[in-house]
Amino acid sequence: MAGRLDTVKSLIVAADTIADVGCDHGKIAEFCAKSGLARRVIASDISDSCLDKARKRLSGVPNVTFLRCDGIDYECDEAVIAGMGGLLVCDILANAECKPKTLVLCPHRNGYDVRKTLFALGYGIDRDEAVCDRGKFYSVIRAVRGENVCELTELQLLFGKHCATPNAVLREWLIKLYGTYAVARSANASKLENVAAALEMQGVDVAEVE
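Residues numbered from 1 in each chain as written. Predicted model: local features only at pLDDT ≥ 70, side-chain atom pairs only at ≥ 80, totals over all residues. Heavy atoms only, no water.

Novice: Sorry, what's going on with the overall build of the protein chain here?
Specialist: A tally of helices and strands in the protein chain yields eight helices and seven strands. Taken along the three principal axes of its C-alpha coordinates, the protein chain extends 55 × 35 × 30 Å. Counting the 210 residues in the protein chain, one finds 48% classified as buried. Sequence separation of at least 24 residues holds for 58% of the intrachain contacts in the protein chain that already meet a minimum separation of 6. The averaged location of the 29 negative side-chain charges in the protein chain is 5 Å from the averaged location of its 26 positive side-chain charges. (Helix = DSSP H or I, 4+ residues; strand = E, 2+ residues; numbered from the N terminus. Buried < 20%, exposed > 50% of the residue type's maximum accessible area, 1.4 Å probe, protein only. Contact = heavy atoms within 4.5 Å. Lys, Arg positive; Asp, Glu negative; His and termini not counted. Charge placed at Lys NZ, Arg CZ, Asp CG, Glu CD.)

This is the structure we're talking about:
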């Protein structure tokens, strides 16, 4: 089963300039530079210490530019944002000086808000993968500006554009969510209803997970 980072890498497509936004150690930038996916790679981060770590990892790699900045204040064809909360991802996208053509995103939480923001900014989601990594569940999303833009249903916003397509990881995530919300049924009534509806689309009888 592919982990979070491997899934992110699998959704990156070839582009002239790819940016690893919030690059931290620069693992995504390294992959893009050494795989030949990009002619130019930008490793950007607000933290000098993170950029220093990325510079050390990518020492001697000629096609990487390192930028200290908050968000995306440069031009790139594709941006990868992984390893931060969804609300911060939304803020970065909304305030980007140049909107990249392609986005590959892995928010740690608030996937609902990320999907709403993508639609509002004119992006269509073409891949939306559920991933379990070290016991935690993530969504890895690829979106393309101006292509297949459509408003998602409430369940798609919550659990992914492809939540009606059978998927073992998504089923596992939904079952775990149902158990978490069931601890306080009254307070989580609407959440339980949504999870139950998604489980039904996944072919799971809620009675079996009670």
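Novice: What is the right way to read the pattern of salt bridges from this model?
Specialist: Opposite charge on two side chains makes pairing possible when the charged atoms of those side chains draw close. With the rule as written, the count across this model stands at eleven salt bridges. Between Asp 52 and Arg 55 there is a salt bridge, with its nearest N and O atoms 3.1 Å apart. Taken together, the residues Asp 52 and Arg 55, both in helix α3 (residues 48-57) and three residues apart, mark about one turn of the helix. Judged by relative accessible area, which is 47%, Asp 52 ranks as partly exposed. If you follow the salt bridges from partner to partner, you end up with Glu 30, Lys 34 and Arg 57 in one network. (Salt bridge = Lys/Arg side-chain N within 4 Å of Asp/Glu carboxyl O.)

Novice: What am I meant to see in the environment of Ile 42 here?
Specialist: You can see Ile 42 is positioned in strand β2 (residues 38-45). The exposure class of Ile 42 is buried, given its relative accessible area of 1%. Sequence spacing of Ile 42 and Thr 117 is 75 residues, and the spatial spacing of their C-alpha atoms is 24 Å.

Novice: In this structure, what is going on with helix α2 (residues 27-35)? I would like to understand it.
Specialist: Note: α-helices contain 3.6 residues per turn, so residues at a spacing of three or four share the same orientation. Residues of α2 that are buried: Ile 28, Ala 29, Glu 30, Cys 32 and Ala 33. On its buried face, α2 is in contact with α1 (4-11), β1 (15-21), β2, α3, β3 (64-68) and β4 (78-84). Residue Gly 36 follows α2 closely and has a positive phi angle near 80°.

Novice: Would you mind going over the packing of aromatic side chains with me for this structure?
Specialist: Working definition: an aromatic ring pair is given by the centre-to-centre distance plus the angle between the planes. Evaluation of the coordinates by the stated rule reveals one aromatic pair. Where Phe 159 meets Trp 173, the ring centres are 5.9 Å apart and the plane angle is 80°; that geometry is what we call edge-to-face. Of the two residues, Phe 159 is situated in helix α6 (residues 154-159) and Trp 173 in helix α7 (residues 168-182); the sequence distance between them amounts to 14 residues. For Phe 159, a relative accessible area of 8% gives the class buried. Sitting over the face of the ring of Tyr 138, Arg 4 holds its NZ or CZ atom 5.4 Å from the ring centroid. (Phe/Tyr/Trp six-rings, centres within 6.5 Å; stacked < 30°, edge-to-face > 60°. Lys NZ or Arg CZ within 6 Å of the ring centre and 35° of its normal.)

Novice: I keep staring at the side chain of Asp 20 and nothing clicks. Help me out?
Specialist: Position of Asp 20 among the secondary structure elements: in strand β1. In this structure Asp 20 is buried but unpaired, with Arg 57 as the nearest side chain of opposite charge at 8.3 Å.

Novice: How should I be thinking about helix α5 (residues 111-120) in this particular structure?
Specialist: Of all the positions in α5, only Gly 111, Val 114, Arg 115, Thr 117 and Leu 118 are classed as buried. Each buried residue of α5 lies within a common arc of 160° when the element is viewed along its axis, so the set occupies one face. Where α5 is buried, its residues meet α4 (86-95), β5 (102-107), β6 (123-133), β7 (136-145) and α6. Phi turns positive one or two residues past the end of α5, at Gly 122, with a value near 85°. (Arc of directions from axis to C-beta.)

Novice: Is there a simple way to think about the pairing of β3 in this case?
Specialist: Looking down a regular strand, the side chains alternate between one sheet face and the other. Of the strand pairs in this sheet, β2 and β3 are connected by five bridges, and their pairing is parallel. Opposite Ser 44, over in β3, you have Leu 67 as the bridge partner. Note on the crossover from β2 through α3 to β3: the handedness is right-handed. (Pairing = 2+ DSSP bridges. Right-handed = clockwise from strand over helix to strand, strands pointing away.)

Novice: Explain a negative patch on the surface to me, please; I cannot follow it from the model alone.
Specialist: Judged by side-chain charge, Asp 70, Asp 73, Asp 91 and Glu 97 come together as a negatively charged surface patch. Secondary-structure assignment places Asp 91 in helix α4. (Patch = residues over 30% accessible without salt bridge, like charges linked within 9 Å, V, L, I, M, F, W, Y side chains within 5 Å. Areas by Shrake-Rupley, 256 points an atom, 1.4 Å probe, with all protein chains shown as cover.)

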